[in-house]
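Descriptive structure summary
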Amino acid sequence: MRSEIRTGAAVPAEAVTPLIRGIAVLRRLTEADGSSSLSGLERATGLARSTVDRITATLARMGYVRLDGRDAVLAPRLMELGNAYLSALRLPRLLDGHADALADELDESVSLAVGDRDGIRFIHQATRRRAMSLSFRIGDLLPAERTAPGPLFATEWSEQEWARWHERRAADPEDRGFPAVPARSRPLDGQGDGEGEGGGRSDAAAPAAQLPTVGDDFERRTAEAREAGWALDDQLIEPGLVAISLPVREAGRIACVVSVVSHTSRHTASDLQDTLLPRLRKAVTAMERDLREARDVRDAHDAHDAHDVRKPRDSREARDSRGAQDSRGASDSRGAGESRDTQDSRDAQGSRDNQGSRDARPVGPVAPSGLATWTSASKQELGREFIESLARGLTVITAFGEGRPELTLTEVAQATGLARATARRALITLEHLGYVTAHDRVFRLTPRVLGLGFPPLSRTSLPEIAAPHLTELSQRLHDSVSLAILAGDEIQYTGRVSTSRIMSVHITVGSRLPAYPTALGRVLLADQPGTRVADLRPLTPLTPRTITDPATFKAELDRVRKAGYALVDEELEEGLRSVAVPVRERGGRVVAAVNVAMHSSRRTPEECVRDVLPQLHATAGRIESDLRVAGRFRRVPLG
């Protein structure tokens, strides 16, 4: 049984069974690297096929999975659950920049990790691109005893936590519950593969099952880490992999651990200590300074609220009262608990809808605070195929976030719009499964939330995000659809869906074309700050209709920038007509463009604007929505 799902306690009578089953399906999809057949999910979870079908239909309605024939595939929107935890944690926002700078300085991979019961879980990865590079992902769970951060976290373990570690080691002798690492079958160095005193092999003296294996020295390593203040991983996960770690403390406790990871071809374990530890200490000092400053600002803000006579006393009951007033009287439509991901999605969708996309599909619940209305509408549309209690339970997770690291039951109910009894049952279920903790009637998310799809999705690229949306648009319009990025004064195709027409546009992924005579290129060039036509390649006429006059071309870029789209009519090739729109990242910068290309006999330019452009805008909006969620705490590769 996976370490992820072991709770060791009976299921509470008030637990929500559909939520338990839905989370089991998400876990299995995560363990399957993001994709599984529906029959495979049936076998892995032990659930009836009809139950799996209803769960995946509900998750698809939420935008958390995509149903591709008989397969279920995790979708980028699922990352909003992990984003809720990372936002509430604050550490990525405050420390990611330091980790990235350290990785650039050392030219080595750097990671941030937090403790998760008897394991460690990554919250940030700054990975170097090499032939042999680190494959760990944000959200991956590793056994504490086989890592450098593990002994540091274990210095703060209680006797109960040590007992749980011993129990897990005995129950899972091969570390099968940690799919991110190789099985624990390798003996310790110098044990089981050497020679005895008489020159014979010592294996005969002890059965393999009794030989010391990797991780058996964890308690000794923990004692050493407590004394030294840092820890090493000398090829504990796999041969060649070495790491050195230091704790980052806040208010005297370990907030996270930062590690520098290398390979023995570049550094030995002792070399890490001599060469990299001083620079790692300097980075940790800066991280701890930023945490102190952020804490001082937060404390000052809380003190100001507590002494402001114009506001209620800053008790949790007073905050409940303010939250209720805010949710009733807020001038904007964003709910008290609406995640930034949800707001970004709605902003992107709204901007596209205003440009004429009436048939755009909803990307999921409009906001946690409008959950009751959305789930009721979904239930009415899908009938028994939609499981309301599953949708509501998962959305409870998104009530947490930046500025909302801990919530009472009342605050969760207000943030989601759920009845207190419904929110309470969801929280009881999530606590039983280990996704929230409760203390003094206050709930907090745990790192385990990152295990719900985040690891496989954290490596998703923009072409992978865009692919299903491009396919859908191509099938609807029966024309070729492409995604491209700017590469100097050329465009490079990074995504492509072609049609099977006799006369169609044939371009492959990776192909490059000059930017100036293409709709994709003009959309991308129009967003470049201070684009100078003189810096582009000569505007050579490719057809009689190609714009070659620099002043005219500059005016055309200005028009594209204002209109939000480009239409190029037979300027690249006679008979080829194309319309393109931009794809923007979280900050509003254009990072790619999407186009629909066709033979000029298919549609007039006016028909392209009237019939194609609205659907193209809607498609770009869905891509942007997924990109904003996927790029909240990581850089999404564009190619």
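Refer to the preceding data block for the structure.
Let us look at the structure shown here.

What counts as what
- Residues numbered from 1 in each chain as written.
- Predicted model: local features only at pLDDT ≥ 70, side-chain atom pairs only at ≥ 80, totals over all residues.
- Heavy atoms only, no water.
- Helix = DSSP H or I, 4+ residues; strand = E, 2+ residues; numbered from the N terminus.
- Buried < 20%, exposed > 50% of the residue type's maximum accessible area, 1.4 Å probe, protein only.
- Contact = heavy atoms within 4.5 Å.
- Areas by Shrake-Rupley, 256 points an atom, 1.4 Å probe, with all protein chains shown as cover.
- Pairing = 2+ DSSP bridges.
- Axes fitted to C-alpha atoms, helices over the stretch in contact; angles between N-to-C directions.
- Phe/Tyr/Trp six-rings, centres within 6.5 Å; stacked < 30°, edge-to-face > 60°.
- Lys NZ or Arg CZ within 6 Å of the ring centre and 35° of its normal.
- Polar contact = N/O pair within 3.5 Å; in protein donor to acceptor, adjacent residues only side chain to side chain.
- Parallel < 35°, antiparallel > 145°, perpendicular 65-115°, else oblique.
- Left-handed = near helix turned anticlockwise from the far one by under 90°.
- Expected span 1.5 Å × (residues − 1).
- Bend = angle between axes of the 7 residues up to and from the residue.
- Arc of directions from axis to C-beta.
- Salt bridge = Lys/Arg side-chain N within 4 Å of Asp/Glu carboxyl O.

Quick look at the overall build of the chain
- The helix and strand inventory of the chain stands at 20 helices and 18 strands.
- Going through the 639 residues of the chain one by one, you find that 54% of them count as buried.
- Put simply, 65% of the contacts in the chain that link residues at least 6 apart link residues at least 24 apart.
- Counting only carbon and sulfur atoms, one obtains 49% of the accessible surface of the chain, whose full area is about 28400 Å².

A look at the pairing of strand β17 (residues 576–584)
- Counting buried residues in β17 gives eight out of nine residues, a clear majority hidden from the surface.
- Here strand β16 (residues 566–569) folds back onto β17, and the loop between the two strands holds six residues, one of which, Glu570, carries a positive phi near 60 degrees.
- For β17 and strand β18 (residues 590–599), the ladder comprises nine bridges, and the chain directions are antiparallel. When the bridges of β18 are listed, Val583 appears paired with Ala592.
- Where β17 folds back onto β18 in an antiparallel hairpin, the turn is made up of five residues, including Gly588, whose phi is positive at roughly 95 degrees.

Details of the sheet that holds strand β12 (residues 442–445)
- Here we have three strands laid out as an open sheet, ordered β10-β12-β11, and antiparallel in their pairing. The outermost strands of the open sheet, each flanked by one partner alone, are β10 (406–407) and β11 (436–439).
- Most of the contacts of helix α15 (residues 420–433) go to β11, to which it runs at about 105 degrees, and overall it touches β11 and β12.

Digging into the sheet that holds strand β7 (residues 231–234)
- Pairing is antiparallel in the open sheet, where six strands are placed in the order β6-β5-β4-β9-β8-β7. In this open sheet, the two strands that pair with only one neighbour each are β6 (141–143) and β7. In this sheet, adjacent strand axes meet at a mean angle of 30 degrees when their direction is disregarded.
- One ladder, built from five bridges, connects strand β4 (residues 109–116) with strand β9 (residues 253–263); its direction is antiparallel. Considered in β9, the bridge of Leu112 is made with Val258.

Overview of the packing of aromatic side chains
- Taken as a whole and judged by the stated rule, the model has seven aromatic pairs.
- When the ring of Trp162 is compared with that of Trp165, the centres are 5.6 Å apart and the planes differ by 85 degrees; the resulting orientation is edge-to-face. Linking Trp162 with Trp165, this pair stays in helix α7 (residues 159–171), spanning three residues, or about one helical turn. Here Trp162 matches Trp165 in class, with each residue buried.
- Put simply, the rings of Trp157, Trp162, Trp165 and Phe218 touch in pairs and so form one group of aromatic residues.
- Above the ring of Tyr565, the side-chain terminus of Arg559 is found at 5.4 Å from the ring centroid.

Quick notes on the side chain of Arg496
- Counting through the fold element by element, Arg496 comes out in strand β14 (residues 490–497).
- A distance of 2.4 Å separates the side chain of Arg496 from the side chain of Ser482, its partner in a polar contact.
- At 3.1 Å, the side chain of Arg496 and the backbone oxygen of Ile507 are in polar contact.

Some points on the packing of helix α1 (residues 17–31) against α15
- Their axes nearest at 9 Å, the elements α1 and α15 cross at an angle of 45 degrees. Our classification of the angle between α1 and α15 gives oblique. In terms of crossing hand, the pair formed by α1 and α15 is right-handed. Across the interface between the two elements, Leu19, Ile20 and Ile23 of α1 pack against Ala426, Thr429, Leu430 and Leu433 of α15.

What to know about helix α20 (residues 605–630)
- For α20, which comprises 26 residues, the first-to-last C-alpha distance of 35 Å matches the rise-based estimate of 38 Å (1.5 Å per residue) to within 8%.
- Its axis deflected by about 45 degrees at Val612, α20 carries its strongest bend there, up to four residues before the proline Pro614.
- Buried residues dominate α20, accounting for 20 of its 26 residues.

Some thoughts on the side chain of Arg77
- Mapped onto the elements, Arg77 comes out in the loop between β3 (71–74) and α4 (79–89).
- The class of Arg77 is buried, set by a relative accessible area of 4%.
- Within polar-contact distance, the side chain of Arg77 engages the side chain of Ser625 at 2.4 Å.

Looking at the environment of Leu382
- Note that Leu382 resides in helix α12 (residues 371–382).
- Residues Leu382 and Arg54 lie 328 residues apart in sequence; the distance between their C-alpha atoms is 9.8 Å.

A few points about α7
- For α7, with 13 residues, the first-to-last C-alpha span of 18 Å sits near the 18 Å given by 1.5 Å per residue.
- Among the residues of α7, Trp162, Trp165, Arg168 and Arg169 are the ones counted as buried. Around the axis of α7, the buried residues are gathered within 120 degrees of arc, so they sit on the same side. What points out from α7, more than 90 degrees from its buried face, is the exposed set Glu159, Gln160, Glu167, Ala170 and Ala171.
- Tucked into the core, α7 has its buried residues touching β6, α6 (149–154) and α8 (218–228).

Topic: the pattern of salt bridges
- Taken as a whole and assessed by the stated rule, the structure comprises 43 salt bridges.
- For Arg289, the salt bridge goes to Asp290, with nearest N and O atoms at 3.8 Å.
- The partly exposed category is assigned to Arg289, whose relative accessible area is 37%.
- Taking the shortest distance from any N to any O, the salt bridge between Glu385 and Arg384 comes out at 3.9 Å.
- When its relative accessible area of 54% is taken as the criterion, Arg384 is described as exposed.
- Salt bridges here are not isolated pairs; linked through shared partners, they connect Asp118, Glu145, Arg146, Arg168, Arg169, Asp175 and Asp216.

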